[in-house]
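A structural walkthrough
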Amino acid sequence: MPISPLAGKPAPKELLIDPSRLEREYYERRPDLGNRNQLVSFGTSGHRGSPLNASFTEAHILAITQAICDYRRSQDYDGPLHMGKDTHAVSEAAQRTALEVLAANKVETIIQKDDGFTPTPVISRAILVYNRNRKEHVADGVVITPSHNPPADGGFKYNPPNGGPADTDVTRWVERRANDLLRDGTGIKRVPFASALKADTTHQEDFVLPYIEDLKNVIDMDAIRSAGLKLGVDPLGGAAEPYWEPINAIYHLDIHVANSTIDPTFSFMTVDHDGQIRMDPSSPYAMARLVDLKNQYDVAFANDPDSDRHGIVTPSSGLMNPNHYLAVAIRYLLMHRANWPAHVAVGKTLVSSSMIDRVVHKLERSLCEVPVGFKWFVPGLFDGSLCFGGEESAGASFLRKDGTVWTTDKDGPIMDLLAAELTARTGKDPGELYHELTTEFGTPCYTRIDAPATPDEKARLQKLSPHAIAKDTLAGDPITAKLTSAPGNDGPIGGLKVMTDNGWFAARPSGTENIYKIYAESFKDQSHLDAIVQEAQEIVTDALRSPDSALQEQEVR
């Protein structure tokens, strides 16, 4: 995709949102129920949209929250609901709306005291801690966040008692019920916000210190302190900002907060690749300011607004590619967590780098490759059969040092602190450790590109069978596998992955745009990667033209 001339530069005033207008639109806009883009729609991370196009409004949050209350009753969940919000402009308004509905439905609700912000992993951990050894009156949660999306967006996601992102069967139930409520206009219980805040069922507690004090059970904080590392963090104006100084104080670390500003316009950001403000810690354009400071710290890191993603900056490599850091983190953890059982597997998404495969196999551990979406890691992290789950988009979590569950949602801060721990323990930063991996296993070339696709073509791609792929070679190498289901759990890819001994590609449709995405990797060189991408586009195009391809049963060969 073309790179905007604004990419990596400070955000100009004309890109900044008007928070007052956005909140006004949130309350006043009414969705067009004849426009499916304005209905409730749960993707891989909840419902997202913007008041500016009537896809994230008070009407949506009223309906979604009531649907969650109805779902809880259907499942006999009557423990407390933990609710957090990030720093996006409409997150506070959405939390107020949700609290009005939760209080009217007599749902015990816990929010951060003093109207504070709460990262996604903090909510996940709080749910799990409450439910530990409990079989009745279990807790669940809601996080109000559109993740790293632009400032005009809002998001709302539900985490059931397992603490992780809700699975498809749950989100479909909630989505269907919420849209019924939107259309019907009745059935939503609500009390005024002042009454909701004072309700016996509403509790304001501190989520910050319990999470921070528990960090020692998942990260070797003593090693970081003893090494005397100089560390830097940029919370990117997000919900983790209030956590870093207490982490310094409790563990006596030297973490410098490079940017402590919380501003709903995110005016301090540098512009992302496409000319938008986007708080993506894996983007070199969004991370330009912290990258410029890389030589001031032994290692530096950042998180997105709800702190479920991480970005790692080192003196040796600048901003690390998320795939590179995942491979380094996995190798380090497998070698330094003595209390993790030898049989537990490492989880990766099928579009993550095959460098991870090589690392895991060299250490004689099991690999579990799943479809895109962190929800696929939840069962394994929950029961301890997965020691690590990681996505190519810079989201990951892993077990406590004793091999029990920490979070079942992505946790950016522990991935940040792990970068400090492994630097302290090995004397090398994560970039240097990745160079060691390339010396041993080769240097992979990885890319992701977007290509246009009509809604019909996207539907066909989702239903492709391996039989629709006529070729038996890819970029000169024999094809070893054609997958439409993930080998780790037989979950549907919603697309296709084609593999050889020296490279692979995966193609899957976007859930929100008329495009499909091609992920590709070569363990030879850039020209080989280019050949894989070119042939991948030809293979997908030919398959989509086949009139029968969409009707063939999905299977794995």
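See the structure above.
None of these values were measured; they are calculated from a predicted model.

1. Concerning the sheet that holds strand 11 (residues 310–314)
- With respect to topology, five strands assemble into an open sheet ordered 9-8-10-11-12, the strand pairing being mixed. Looking at which strands have only one partner, the edges of the open sheet turn out to be strand 9 (255–257) and strand 12 (318–319).
- With respect to the sheet, helix 14 (residues 412–426) is in contact with strand 8 (231–234), strand 9, strand 10 (299–303) and strand 11, its orientation differing from that of strand 10 by roughly 175°.

2. Focus: the nonpolar core
- Counting 63 residues, the largest nonpolar core has F388 and F398 as the members making the most contacts within it.
- Apart from the residues within four sequence positions on either side, F398 is in contact with V218, I219, L333, W340, L381, C387, F388, W406, I414, M415 and L418.
- Counting 43 residues, the second largest nonpolar core, distinct from the first, contains Y77, A89, V138 and V174.

3. A closer look at the pattern of salt bridges
- The final tally for this structure, using the stated rule, is 32 salt bridges.
- Across the salt bridge formed by R125 and D214, the nearest N and O atoms sit 3.0 Å from each other. Here D214 lies in helix 7 (residues 208–214) and R125 lies in helix 4 (residues 120–131), a separation of 89 residues in the sequence. D214 shares its class with R125; the two are buried.
- Between R337 and E421 there is a salt bridge, with its nearest N and O atoms 2.9 Å apart. Of this pair, R337 sits in the loop between helix 11 (322–336) and strand 13 (345–349) while E421 sits in helix 14; the two residues are 84 residues apart in sequence, bridging distant segments of the chain.
- Classification of R337 as buried rests on a relative accessible area of 5%.
- For E421, a relative accessible area of 0% puts it in the buried group.

4. Considerations on the side chain of T120
- In this fold, T120 is placed in helix 4.
- A polar side-chain atom of T120 sits 3.4 Å from a polar atom in the side chain of K157.
- Beyond its immediate stretch of four places on either side in the chain, T120 contacts V143, T145, K157, D306, D308, D409 and K410.

5. Some thoughts on the packing of aromatic side chains
- Here the structure, examined in full by the defined rule, presents 12 aromatic pairs.
- Note on Y26 and Y27: the rings are 4.9 Å apart at their centroids and 80° apart in plane angle, and the pair reads as edge-to-face.
- Overall, Y27 belongs to the partly exposed group, its relative accessible area being 28%.
- Judged by centre distance (6.1 Å) and plane angle (65°), the ring pair of Y446 and W504 falls under edge-to-face. Of the two residues, Y446 is situated in strand 17 (residues 445–452) and W504 in strand 22 (residues 503–509); the sequence distance between them amounts to 58 residues.
- Residue W504 is classed as buried on the basis of its relative accessible area, which comes to 2%.
- Here the aromatic cluster, defined as three or more aromatic residues joined through ring pairs, consists of Y71, Y77, Y158 and W173.
- Just above the ring of Y130 sits the side chain of R134; from NZ or CZ to the centre is 4.1 Å.

6. Concerning the pairing of strand 6 (residues 154–159)
- Most of strand 6 sits out of view: six of its six residues are buried.
- Both faces of strand 6 are covered, namely the face carrying G154, F156 and Y158 and the face carrying G155, K157 and N159.
- Bridge count for strand 5 (residues 140–144) against strand 6 is three bridges, and the pairing is antiparallel. Of the residues in strand 6, the one forming a bridge with V143 is K157.

7. Some thoughts on the layout of surface pockets
- Each pocket or cavity is described by its volume, and for the second largest pocket that value is around 280 Å³.
- Around the second largest pocket sit 15 residues that line it, and L128, N131, R132, F382 and V405 are the ones nearest its centre.
- Among the elements that take part in the lining of the second largest pocket, helix 4 stands out by supplying four residues, more than any other.
- Here the lining of the second largest pocket is built from residues that sort into seven nonpolar, four polar and four charged.

Rules used throughout
Here the residue numbers are simple positions, counted from 1 along each chain's written sequence. Confidence filtering applies because this is a predicted model: local features only for residues at pLDDT of at least 70, side-chain atom pairs given and counted only at 80 or more, and all residues used for totals across whole chains, interfaces and linings. Computation of side-chain values: all heavy atoms of the structure, hydrogens and water removed. Strands were regarded as paired on the criterion that DSSP finds at least two bridges between them. The helix count covers DSSP runs of H or I at least four residues long, the strand count covers runs of E at least two residues long, and both are numbered beginning at the N terminus. What makes two residues a contact is simply this: any of their non-hydrogen atoms within 4.5 Å. Only the stretch in contact is used when a helix axis is fitted, and all axes are lines through C-alpha atoms; the angle between N-to-C directions ranges over 0 to 180 degrees. Nonpolar cores are built from buried Ala, Val, Leu, Ile, Met, Phe, Trp, Tyr and Cys residues. Side-chain atoms within 4.5 Å join them into one set. Between buried and exposed lies partly exposed: a residue is buried under 20% and exposed over 50% of the maximum accessible area for its type, with that area taken using a 1.4 Å probe on protein chains only. Counted as salt bridges are all cases of a side-chain nitrogen of Lys or Arg within 4 Å of a carboxyl oxygen of Asp or Glu. Polar contacts here mean pairs of N or O atoms no more than 3.5 Å apart (in protein, one a potential hydrogen donor and the other a potential acceptor; neighbouring residues in sequence count only if both atoms are side-chain atoms). The rule is short: rings of Phe, Tyr and Trp, with Trp giving its six-membered ring, pair when the centres are within 6.5 Å, and they are stacked under 30 degrees, edge-to-face over 60, tilted in between. Here, over-ring charges are defined by two tests on the NZ atom of lysine or the CZ atom of arginine: distance to the ring centre within 6 Å, and angle to the ring normal within 35 degrees. Only protein atoms enter the 1 Å grid, on which a cavity is a set of points fitting a 1.4 Å probe that cannot get out and a pocket is an open set with protein on both sides within 12 Å along at least 5 of 7 lines, lining residues being those with an atom within 4 Å of a point. Grid points are joined across faces, edges and corners, and a volume is the space filled by probe spheres set on the points. Three categories are distinguished: nonpolar for Ala, Val, Leu, Ile, Met, Phe, Trp, Tyr, Cys and Pro, charged for Asp, Glu, Lys and Arg, and polar for the others, with Gly belonging to the last.

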